[in-house]
Amino acid sequence: MRIILMGPPGAGKGTEAESLVKHYHIPHISTGNIFRELYKDKTTVGKIAKEFIDRGELVPDDITNEIVRHRLSHADAKKGFLFDGYPRNVNQAKAFDEMLISFGWKLDAVINFSVPDEVIVKRISGRRVCEVCGAVYHTENKPPKVENICDVDGGMLIQRVDDMEKTVQRRLRIYNQQTAPVIGYYEEKGSIIHVDGTKSIQEVDQTIKKVLGEMN
Ligand SMILES: [Zn+2]
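Values in this document were obtained by computation on a predicted structure and should not be read as measured data.

So, how was this worked out
Residues numbered from 1 in each chain as written. Predicted model: local features only at pLDDT ≥ 70, side-chain atom pairs only at ≥ 80, totals over all residues. Heavy atoms only, no water. Pairing = 2+ DSSP bridges. Helix = DSSP H or I, 4+ residues; strand = E, 2+ residues; numbered from the N terminus. Polar contact = N/O pair within 3.5 Å; in protein donor to acceptor, adjacent residues only side chain to side chain. Axes fitted to C-alpha atoms, helices over the stretch in contact; angles between N-to-C directions. Donors = N, O, S within 2.8 Å, 3.2 Å for Na, K, Ca; no water. Buried < 20%, exposed > 50% of the residue type's maximum accessible area, 1.4 Å probe, protein only. Salt bridge = Lys/Arg side-chain N within 4 Å of Asp/Glu carboxyl O. Expected span 1.5 Å × (residues − 1). Arc of directions from axis to C-beta. Contact = heavy atoms within 4.5 Å. Bend = angle between axes of the 7 residues up to and from the residue.

(A) Broad picture of the sheet that holds strand 7 (residues 157-158). In space, the three strands of this open sheet follow the order 6-5-7, with antiparallel pairing throughout. The sheet is open, and its two edges are formed by strand 6 (136-138) and strand 7, each paired on a single side.

In structure tokens, the structure reads:
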């Protein structure tokens, strides 16, 4: 199974991604996570990427495409994959098509989550992350037992720069300008599934698995 999850930041893609990769035994490929790892490892690419991400901007296409091409060459990608956060603009989508052709692969589904901007801002700006283990909390929807402290390891909870309200507004603007056209690109190819991202996690998950199940 080869899947792309599309939709604005905070649309619930991450949660659904976890469910689908378990269900289909495929790797979850998040360019955001790869860039964060590269930054932790103190690589030059990681440092460059972080500057763009912290400003709420897209990492340049050549860097992003190269990271993806490299990731696809790992053995586990032969089983299939789920992309989350890529492609982010039409140029990346075209580059991705070429990569797939070069590997001799075809996409099975592009799943698009739609969620109104106001809902997104609320969801993301309440997000807090454990400095130690990376566990994700939410000030309203999933608060820790003790304010600002991780339930698992007592680590400090922080707000990532790219989750701050101002940055979220900027990410949404860029999403609407650059990433939303990718949906049109895949719609023309007839391979897109639309999902209402304001529905509960269970409902979204059931809808997607039903549609994917019918396709195979
Ligand atoms: Zn923790």
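(B) Region of the structure containing the side chain of Arg-128. Structurally, Arg-128 can be placed in strand 5 (residues 127-130). In terms of polar contacts, Arg-128 uses its side chain to reach the backbone carbonyl oxygen of Ser-125, at 3.1 Å.

(C) Here's a closer look at the sheet that holds strand 8 (residues 192-196). Reading across from one edge, 2-3-1-4-8 is the order of the five strands in this open sheet, with parallel pairing throughout. Edge positions in the sheet fall to strand 2 (28-30) and strand 8, since each of these pairs with one other strand and no more. The average angle at which neighbouring strand axes cross in this sheet is 20 degrees, direction not considered. In this sheet, strand 3 (residues 81-84) lies alongside strand 1 (residues 2-6) in parallel orientation, the contact comprising four bridges.

(D) Structural view of the coordination of the zinc ion. Taken together, the protein ligands of the zinc ion are Cys-130 (SG), Cys-133 (SG), Cys-150 (SG), Asp-153 (OD) and Asp-153 (OD), with distances of 2.3 to 2.5 Å. In terms of primary sequence, the donors binding the zinc ion are separated according to C-x2-C-x16-C-x2-D. Linking Cys-133 in the loop between strand 5 and strand 6 with Cys-150 in the loop between strand 6 and strand 7, this pair joins segments that are 17 residues apart in sequence. The class for Cys-133 is partly exposed, based on a relative accessible area of 41%. Overall, the relative accessible area of 3% leaves Cys-150 in the buried class.

(E) Focus on the pattern of salt bridges. For the structure on display, the rule yields 14 salt bridges. Across the pair Lys-50 and Asp-54 runs a salt bridge whose closest N-O atoms are separated by 2.6 Å. With Lys-50 and Asp-54 both in helix 3 (residues 44-54) and four residues apart, this pair spans about one turn of that helix. The exposure class of Lys-50 is partly exposed, given its relative accessible area of 27%. Salt-bridge contacts for Asp-163 lead to Arg-160; the nearest nitrogen and oxygen are separated by 3.8 Å.

(F) Molecular detail of helix 1 (residues 13-24). The end-to-end C-alpha separation of helix 1 is 16 Å, in line with the 16 Å expected for 12 residues at 1.5 Å each. Three or more residues of helix 1 are buried, namely Lys-13, Glu-16, Ala-17, Leu-20 and Val-21. The buried residues of helix 1 occupy an angular sector of 130 degrees when projected down its axis, which confines them to one face. Projecting away from the buried face of helix 1 at angles above 90 degrees are the exposed residues Glu-18 and Lys-22. Residues of helix 1 that are buried in the fold lie against strand 1, strand 2, strand 3, strand 4 (109-114) and helix 8 (201-215). His-25 sits one or two positions beyond helix 1 and adopts a positive phi of about 50 degrees.

(G) View of helix 7 (residues 165-189). For helix 7, spanning 25 residues, the distance from its first C-alpha to its last is 35 Å, which sits close to the expected 36 Å at 1.5 Å a residue. When the local axis directions of helix 7 are compared, the greatest deviation, roughly 45 degrees, occurs at Asn-176. Three or more residues of helix 7 are buried, namely Thr-167, Val-168, Arg-171, Leu-172, Ile-174, Tyr-175, Thr-179, Val-182, Ile-183, Tyr-185 and Tyr-186. Its buried side turned inward, helix 7 meets strand 1, helix 3, helix 5 (90-103), strand 4, helix 6 (117-125) and strand 8. Within two residues after helix 7, Gly-190 carries a phi angle of roughly 75 degrees, on the positive side.

(H) Summary view of the environment of Thr-43. Residue placement: Thr-43 occurs in the loop between helix 2 (31-40) and helix 3. Sequence separation between Thr-43 and Arg-170 is 127 residues, and the spatial gap between their C-alpha atoms is 26 Å. In this structure the side chain of Thr-43 is engaged in a polar contact, spanning 2.8 Å, whose partner is the backbone oxygen of Leu-38.

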